[in-house]
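Analysis of the macromolecular model
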Amino acid sequence: MRPLPRPTALSRPFWDGCLDGRLLVQRCSSCARCFFIPSVFCPHCLDTDYEWVESSGRGHVVTYTVVWRPPTPAFDPPYVVAVVQLEEGYEMFTNIVGAEPDADLIGAAVQVRFHRESEEIALPFFELAPATGLRP
Amino acid sequence: MRSRQAVIVGAFNTRQARRLDGETSDTVTSAAIRGALGDAGLDVADVTGVNVLPGLDYQNGSRKFGYAMGIPYFWAGRAMPGAASVLEAATAIEAGVTDVVVLAAGEAGIHQDAASTAPWTRPSNEFIECWGLMTPAEFALSAKEYMHRFSVDPAKVAHVAAVIRNNGARNPEAVYYGRGPFSAEDILASRMVADPYHLLDCATTAEGGSALVLTTAERARDLPGVAVAVLGGGSESWGPSYTHPPTYERVGMLGRDAADRAFARAGIAREDVDVFELYDNFSWEIIRYFEAFRYCGVGEGPDFVAGGAIEVTGRYPVVTDGGTMSHSHTGESQRIQRVVQAVRQLRGSSAANQLPDPRVALVAALGDVVLLGRQDSR
Ligand SMILES: [Zn+2]
């Protein structure tokens, strides 16, 4: 089984949101920009006031790679490691599920799909958004 | 010349091999230090500063080795091994902070689990590990994006790996000596690791140690070997590794400002460089360096490196010992190997692929750049 995150006090709201089927992100109370991974201050303006808000869970693939030689036998290749940029402007690592290994995914519209991995953890995978095609 | 000019007076690699049975990170690292001091004609008692990374002991390696070497009080460098630690040590020497510095790293006996990739390639933080990321996937992300953006023929990237592996095939000190020659087609025919990287686009893994000794040009005048001056350098980071997405937008120009500063400090031009000892952890990175360092325009790198340009007979020879792809890759000390090979080229003592009378070498790893020049050339 793949290694699962061990939430910290800082990241707990994110992982609790995933269990709820909600992709949460920190939004700076000062400049209103969203940021990820969890941080105690806004990387855009350094303000320490933020709130957790729900992302649309929609975005596009900035880049990706199809992994054929996994780091450990816990992973079942081939699988797609991607960088997705969410509509709120922040980026995150994820796996794209349900895509053909030879598909060209750069720029593809995707949406979050949670998968329950354990009692405590659901992971935010992404899948191709239906019938939207490539973003302009 | 500066009043205190930092120079490299010792450079040494231990034997490198897939496995060095009976060795540990500490034994290969200490052997490398002995070798480099011997090459310099100096003794442990002469050493006033260290930056040593045995195995993966990032926290305490320098202090552990400084103490173990019996130096009562020592300057301890903190930069990563290779171009970065050379620049840091040279800066300290030129500022009068310390006089004789040993830089070393080595690894043996750590990568034992054949079912998994090397331990230093497997990040463990909570937003990375669950996605099956490891070093080749991390570096594949920017390469994939670049190749998509500029519609790059994969054979042009594979050509880089073929050139470097063929350098190593001719080097009797390389772990993969005699393995070759390779064509771009051979690289593309190897199994895929993390698209666009095939097995032969990637670094290998091996064991061994490497070390350098730096001091002042004044001190070097009394030493037997040819000194190599640190002409200039620069150092850039973009963020913690395996934490934030390394998109092309984010990492593509890593090292550009470092190179600009290195050339400005050295007072030389791009075209004055005779040999390019670049960190070849993945094939496309070599193309990235030439673009980031302004040797060609962005998107022009695949054509820049084509043909014979980066072969040892070309105008821009790269990685002349075979690098991480063929010579050796130990986790960290391979970045010191780039400096060792540059020094040996400039001294005319390369084990293979010796260039005719090179005077200036560019050494780079990720965002760290140093320019080295044979002392008699200044
Ligand atoms: Zn802010």
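Every value quoted in this text rests on a predicted model; they were computed, and no experiment measured them.

Moving on: the packing of aromatic side chains. Enumeration over the complete set of coordinates arrives at 24 aromatic pairs over all chains. Look at Tyr-146 of chain B and Phe-150 of chain B: their rings are 4.9 Å apart centre to centre, the planes differ by 50 degrees, and that puts the pair in the tilted class. A residue is classified by how much of its surface remains accessible, and Tyr-146 of chain B, at 0% relative accessible area, is buried. Aromatic ring contacts, followed pair by pair, group Phe-14, Trp-15, Phe-36 and Tyr-90 of chain A together with Phe-127 of chain B into a single cluster. The side chain of Arg-315 of chain B reaches across the aromatic face of Tyr-316 of chain B, ending 5.0 Å from its centre. Across the ring face of Tyr-279 of chain B, the terminal group of Arg-335 of chain B is positioned such that the distance to the ring centre comes to 5.5 Å.

Bringing the pattern of salt bridges into the picture now. Side chains that differ in charge, positive against negative, can pair when their charged atoms come close. Residues and elements named next belong to chain A. According to the stated counting rule, one finds 23 salt bridges over all chains in the structure shown. In this structure, Glu-87 engages Arg-58 in a salt bridge whose closest nitrogen and oxygen atoms are separated by 3.2 Å. Linking Glu-87 in the loop between strand 5 (79-86) and strand 6 (91-97) with Arg-58 in strand 4 (residues 58-67), this pair joins segments that are 29 residues apart in sequence.

The subject of this paragraph is the interface of chain A and chain B. Facing the 38 residues of chain A at the interface are 32 residues of chain B. Of the roughly 3,000 Å² buried between chain A and chain B on both sides combined, carbon and sulfur atoms contribute 66%. Area buried by chain A at its contact with chain B is led by Arg-69, Pro-71 and Phe-93 of chain A, which between them contribute 26% of it. Run the count over chain A and chain B and you get 0 salt bridges. Counting across the chain A and chain B interface gives 13 residue pairs in polar contact (both at pLDDT 80 or more). Residue assignment for the side of chain A that touches chain B shows that the elements contributing at least two residues are helix 1 (12-19), strand 4, strand 5, strand 6 and strand 8 (122-128) of chain A. It is strand 4 of chain A that contributes the most residues to the side of chain A that touches chain B, 6 residues altogether. Residues belonging to the side of chain A that touches chain B are distributed by class as follows: 26 nonpolar, 7 polar and 5 charged.

Residue and element names in this part refer to chain A. Here the zinc ion is held by the protein donor atoms Cys-28 (SG), Cys-31 (SG), Cys-42 (SG) and Cys-45 (SG), which lie 2.3 to 2.4 Å from it. Bound by 4 donor atoms, the zinc ion shows angles of 100 to 120 degrees at the metal and therefore tetrahedral coordination geometry. For the zinc ion, all donor residues lie on one chain, and their spacing in sequence is C-x2-C-x10-C-x2-C. Using a relative accessible area of 2% as the deciding quantity, one classes Cys-28 as buried.

The next thing to look at is the pairing of strand 1 (residues 24-28) of chain A. Residue and element names in this part refer to chain A. Of all 5 residues in strand 1, 4 are buried, a share of seventy percent or more. Pairing between strand 1 and strand 3 (residues 50-54): 5 bridges, direction antiparallel. Residue pairing across strands places Gln-26 opposite Trp-52, the latter belonging to strand 3. Pairing between strand 1 and strand 2 (residues 34-35): 2 bridges, direction antiparallel. Across the sheet, residue Arg-27 finds its bridge partner in strand 2, namely Cys-34. The hairpin formed by strand 1 and strand 2 contains 5 residues between the paired strands, and Ala-32 there has a positive phi angle of roughly 70 degrees.

Attention now moves to the UniProt feature "domain: Thiolase C-terminal" (unreviewed entry) in chain B. According to UniProt, the feature "domain: Thiolase C-terminal" (unreviewed entry) maps to residues 256-369 of chain B in the numbering used here. Across residues 256-369 of chain B one finds 38% helix and 11% strand; the C-alpha atoms that close the span lie 9 Å apart.

All names here are of chain A. Taken together, the buried positions of helix 1 are occupied by Phe-14, Trp-15, Gly-17 and Cys-18. All buried residues of helix 1 fall inside an arc of 155 degrees around its axis, so they share one side. Buried residues belonging to helix 1 abut strand 1, strand 3, strand 6, strand 7 (109-116) and strand 8. Positive backbone phi, at 75 degrees, marks Gly-21, one or two positions downstream of helix 1.

On to the UniProt feature "domain: ChsH2 C-terminal OB-fold" (unreviewed entry) in chain A. According to UniProt, the "domain: ChsH2 C-terminal OB-fold" (unreviewed entry) feature falls on residues 52-115 of chain A. The straight-line gap between the two end C-alpha atoms of residues 52-115 of chain A is 21 Å; of that span, 0% is helix and 55% is strand.

The next subject is the pairing of strand 10 (residues 360-365) of chain B. Residues and elements named next belong to chain B. Of all the 6 residues making up strand 10, 6 are buried; the element is thus mostly covered by neighbouring parts of the structure. Residues of strand 10 alternate between two faces, with Val-360, Leu-362 and Ala-364 on one and Ala-361, Val-363 and Ala-365 on the opposite face, all of them buried. With 4 bridges connecting them, strand 9 (residues 275-278) and strand 10 associate as parallel partners. Residue pairing for strand 10: Glu-277 is matched across the bridge by Val-363. Pairing of strand 10 with strand 11 (residues 368-374) involves 6 bridges; the strand directions are antiparallel. Within the sheet, the bridge partner assigned to Ala-364 lies in strand 11 and is Val-369. Counted between consecutive antiparallel strands, the loop separating strand 10 from strand 11 contains 2 residues, among which Leu-366 sits at a positive phi close to 55 degrees.

Thresholds applied
- Residues numbered from 1 in each chain as written.
- Chains lettered and ligands numbered in written order.
- Predicted model: local features only at pLDDT ≥ 70, side-chain atom pairs only at ≥ 80, totals over all residues.
- Heavy atoms only, no water.
- Phe/Tyr/Trp six-rings, centres within 6.5 Å; stacked < 30°, edge-to-face > 60°.
- Buried < 20%, exposed > 50% of the residue type's maximum accessible area, 1.4 Å probe, protein only.
- Lys NZ or Arg CZ within 6 Å of the ring centre and 35° of its normal.
- Salt bridge = Lys/Arg side-chain N within 4 Å of Asp/Glu carboxyl O.
- Helix = DSSP H or I, 4+ residues; strand = E, 2+ residues; numbered from the N terminus.
- Contact = heavy atoms within 4.5 Å.
- Buried area = accessible area lost by both parts, 1.4 Å probe.
- Polar contact = N/O pair within 3.5 Å; in protein donor to acceptor, adjacent residues only side chain to side chain.
- Nonpolar A, V, L, I, M, F, W, Y, C, P; charged D, E, K, R; others polar.
- Donors = N, O, S within 2.8 Å, 3.2 Å for Na, K, Ca; no water.
- Tetrahedral: all angles 85-135°; square planar, octahedral: opposite > 155°, others 65-115°.
- Pairing = 2+ DSSP bridges.
- UniProt positions renumbered as here; feature names shortened; annotations may be inferred.
- Arc of directions from axis to C-beta.

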